[in-house]
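Secondary and tertiary structure notes
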Amino acid sequence: MAAHVSGIFPTSIQNSIKSSKVLVVGAGGIGCELLKNLVLSGFHDIEVIDLDTIDVSNLNRQFLFHKQHVGRSKSQVARESALQFCPQANIVAHHDSIMSPDYGVTFYQKFSVVMNALDNRAARNHVNRMCLAADITLIESGSAGYLGQVTVIRKGSTECYECQPKAAAKTFPGCTIRNTPSEPIHCIVWAKHLFNQLFGEGDPDEDVSPDSADPELRDQTQGDSTSQNGSSSQSTAKDSTTNGNGSLPAANAAGNVERTSTRTWAQSHNYDPQKLFSKLFHDDIVYLLSMDKLWSKRRKPTPLTWETIMAQQNEESEDSSDGVIKDQVLWTLPQCLQVLSTATAECSKRFQALPSGDHLVWDKDDQSSMDFVTACANIRAHVFGIPQKTRFDVKCHDSLDDGSEFRVVADAEQLKKIQDSASAETPAATAADGQAGDSDEDIQMVEADESSPSAKKRKTSNQDSDQPLKKPRTQREDDDVVLL
Ligand SMILES: [Zn+2]
């Protein structure tokens, strides 16, 4: 391999490559590339750790995995695949969480260098602190959208992963997302929530239906909102919109009942894209328009019908009909419908093939998931007269890989409270740097990670180490964050 070919590296570097022991944390998108590059460069003493198993949606980029590996341990299959092109390497695979107490300071001290290939902040913070404690160099890497980052962290020489406060999760009031979007990002967040409502882990906080508990409507006569609720029993499409969203106090209590219904509704209509479209971009918009007060100082949304858009398609040139739509081209409405149909069919097929109770996990690198979100975000943007975005832009907006996520809170007042409390916490977080334990920063990070699907998945198999972090979060949430 490269290091053994004389002339490529000076002898001293060749020797240190040969004698180095490397820990690779994570065997996903970055981990697969890393492992391949390491063995091909001549690093032959490697341990790799990952608690995940291989999912079908990983196969497009995690090239050490193939169809027959689905369901198996990532670290173990990565090891087997790397050994195939470098049989002389000594690779130890751990199918486990790096945050397990089994991997203490003495474990880290076995290594010459630690390389992070992680997708969530909680684990990054943990490895950062462990490397500081063990005095081992850490190479930290990540990706956000299409961009990759890499940093060397060396105790006493560089800043650590947590020296600079990370951007907090982007937070939006729930009613902006559900009722009155004004920026492309609001539509993207809504579309991602829709994806989760339909195919993912349906989170009641991510409901996509119009919200008649919008604080802007509070001044409106009580009778008005009651009559809207009353009329909800008249049409099926409106049922999932209005049930449980009614009066303010009932919204939280009834939330779960009402909010599972977007998926139930879609299932009862067999994920028919045209019916889904009519509910989301026509019926729900008509319902929103009935809340007059929202539109007194705003541009009103325009309900769309499938037929009207399809009629436009006939007027368009036929260059889009090959089904190949480039990432950086803005899709026309007919193209959005075409993508919506294909992506809905693919996602629902995959979702329905899962055992009951299981769900798809959001993945920005999965073609159908990203297609679905881009199409829905753009159709919604069109409805509200908001500039549309290319698939490329939508993907860049999605900075899931560093663990930061979108959060939706009840209203603007709460958003301000959260922002105020976050800025008040910054000095404490900086002071607590380097100490493992229960600093405020930890709580913040865990909060940001909570909404990441991959973090949720992790939690189930890593309950021990999550417990202490989880408790303070619940308290905080009770104190100042009420999610609708
Ligand atoms: Zn630091």
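Residues numbered from 1 in each chain as written. Predicted model: local features only at pLDDT ≥ 70, side-chain atom pairs only at ≥ 80, totals over all residues.

1. What about the sheet that holds strand β1 (residues 22-25)?
Sheet strands pair by backbone hydrogen bonding; their relative direction is either parallel or antiparallel. Judged by pairing direction, the sheet is mixed, and its six strands sit side by side in the order β3-β2-β1-β4-β5-β6 without closing on themselves. Each edge of the open sheet is held by one strand with a lone partner, namely β3 (90-94) and β6 (147-153). Each strand of the sheet is rotated relative to its neighbour by a mean of 15°, with strand direction disregarded. Of the pairings in the sheet, the one linking β1 to strand β4 (residues 113-117) comprises four bridges and is parallel in character. Each residue of the ladder has a partner; that of V22, found in β4, is V113. (Pairing = 2+ DSSP bridges. Helix = DSSP H or I, 4+ residues; strand = E, 2+ residues; numbered from the N terminus. Axes fitted to C-alpha atoms, helices over the stretch in contact; angles between N-to-C directions.)

2. Some details on the UniProt feature "active site" (unreviewed entry) in the protein chain
With numbering matched to this structure, UniProt assigns "active site" (unreviewed entry) to C175. On the secondary structure map, C175 appears in helix α6 (residues 174-178). (UniProt positions renumbered as here; feature names shortened; annotations may be inferred.)

3. A few points about helix α3 (residues 74-85)
Under the 1.5 Å per step criterion, the end-to-end length of α3 is 17 Å for twelve residues, consistent within 8% with the ideal 16 Å. The set of residues buried in α3 consists of K74, S75, V77, A78, R79 and A82. The inward-facing, buried residues of α3 contact α2 (29-41), β2 (45-49) and β3. (Expected span 1.5 Å × (residues − 1). Buried ≥ 20, exposed ≤ 12 C-beta atoms within 10 Å, placed from the backbone. Contact = placed C-beta atoms within 7 Å.)

4. Section: the nonpolar core
Judged by nonpolar contacts, the single largest core of 45 residues is most densely connected at A191, L340, V373 and C376. Mapped onto this core, the elements with two or more residues apiece are α7 (184-198), α11 (261-268), α12 (273-289), α14 (333-353) and α15 (367-383). Here this core takes nine residues from α15, the largest share from any one element. Other than its neighbours up to four places away in sequence, L340 contacts P273, F277, F372, A375 and C376. In terms of nonpolar packing, the next biggest core, distinct from the first, is built from 42 residues, V25, V39, A117 and Y161 among them. (Core = buried A, V, L, I, M, F, W, Y, C linked by C-beta atoms within 7 Å.)

5. Observations concerning the packing of α12 against α14
For any two helices packed against each other, the geometry is given by the interaxial angle and the distance between the axes. Relative to each other, α12 and α14 sit at 115°, their axes nearing to 9 Å. The orientation of α12 with respect to α14, classified from their angle, is roughly perpendicular. Note on packing geometry: the crossing formed by α12 with α14 is right-handed. Here α12 contributes P273, L276 and F277 to the contact with α14, which in turn contributes L340, S341 and T344. Grouping the constituent residues of the contact of α12 with α14 by class yields four nonpolar, two polar and no charged. (Parallel < 35°, antiparallel > 145°, perpendicular 65-115°, else oblique. Left-handed = near helix turned anticlockwise from the far one by under 90°. Nonpolar A, V, L, I, M, F, W, Y, C, P; charged D, E, K, R; others polar.)

6. Side note on α2
Taking 1.5 Å per residue, 13 residues should reach 18 Å; α2 reaches 19 Å between its end C-alpha atoms and fits that length. Of all the residues in α2, the buried ones are G29, I30, G31, C32, L34, L35, L38 and V39. If you follow the buried residues of α2, they end up packed against β1, β2, α3, β4 and β5 (137-144). Phi turns positive one or two residues past the end of α2, at G42, with a value near 110°.

7. Examining unusual backbone geometry
The phi torsion at D135 lies on the positive side, around 60°, for a residue other than glycine. Not every positive phi belongs to a glycine, and Y271 is a case in point at roughly 55°. With respect to the helices and strands, Y271 occurs in the loop between α11 and α12. Given 19 C-beta atoms within 10 Å, Y271 falls into the partly exposed group.

8. Here we look at the environment of I49
Here I49 lies in strand β2. Its 23 C-beta neighbours within 10 Å are what place I49 among the buried residues. In this structure, I49 is in contact with V25, S75, H94, D96 and I98, ignoring residues within four places of it in sequence.

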